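Chains, contacts and geometry: an overview
Here's the letter readout for the chains.
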Amino acid sequence: MSDALQIPHTQIDEQVSCSTCAACCCQLEVMLITDTGVPERFIDSDEWGGEVMRRLDDRWCAALDRDTMRCTIYEVRPLICREFEMGAPECLEERRGIGSIYR
């Protein structure tokens, strides 16, 4: 039997979960670089004319359900949202930043 190729994977802290997060990633500007089917009502233009996810006055994504803190367009969410992996370094960085907002 030959040695199997082992693919490294990210070890995710079991305490890291979207359900225990204040969805700080949903406060980032999200550029729409591919067509995933995001409904027009959630699309805005940035100052250079590029398409971005609309954010409401509270600066959170317009597609975020404020009661459940879940994406209302998950199946057609933008590519950037699909690639923002839970527990990845970018996720952990945003989670650390949220702690200073509520102090």
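Definitions and cut-offs
- Residues numbered from 1 in each chain as written.
- Predicted model: local features only at pLDDT ≥ 70, side-chain atom pairs only at ≥ 80, totals over all residues.
- Heavy atoms only, no water.
- Helix = DSSP H or I, 4+ residues; strand = E, 2+ residues; numbered from the N terminus.
- Phe/Tyr/Trp six-rings, centres within 6.5 Å; stacked < 30°, edge-to-face > 60°.
- Lys NZ or Arg CZ within 6 Å of the ring centre and 35° of its normal.
- 1 Å grid on protein atoms, 1.4 Å probe; cavity = no way out; pocket = protein on both sides within 12 Å on 5 of 7 lines; lining within 4 Å.
- Points joined across faces, edges and corners; volume = space filled by probe spheres on them.
- Nonpolar A, V, L, I, M, F, W, Y, C, P; charged D, E, K, R; others polar.

Per an unreviewed UniProt entry, the chain carries the name Zinc-or iron-chelating domain-containing protein and comes from Pseudomonas straminea.

1. Here's the deal with unusual backbone geometry
Its identity as a non-glycine residue notwithstanding, Arg-59 has a phi of 75°, on the positive side. Note on placement: Arg-59 falls in the loop between strand E2 (51-53) and strand E3 (64-65).

2. Details of the packing of aromatic side chains
Enumeration over the complete set of coordinates arrives at 0 aromatic pairs. Residue placement shows Arg-77 over the ring face of Tyr-74; its charged tip is 3.7 Å from the ring centre.

3. Digging into the layout of surface pockets
Space left empty within the atom packing is revealed by a probe, the size of a water molecule, rolled over the atoms. One number sums up the size of the largest pocket: a volume of about 780 Å³. Forming the boundary of the largest pocket are 33 residues, of which Cys-18, Cys-25, Cys-26, Cys-71 and Tyr-74 lie nearest the centre. Where the lining of the largest pocket is concerned, the elements lending two or more residues are strand E4 (70-71), helix H1 (79-83) and helix H2 (89-101). A per-class count over the lining of the largest pocket returns 23 nonpolar, 3 polar and 7 charged.

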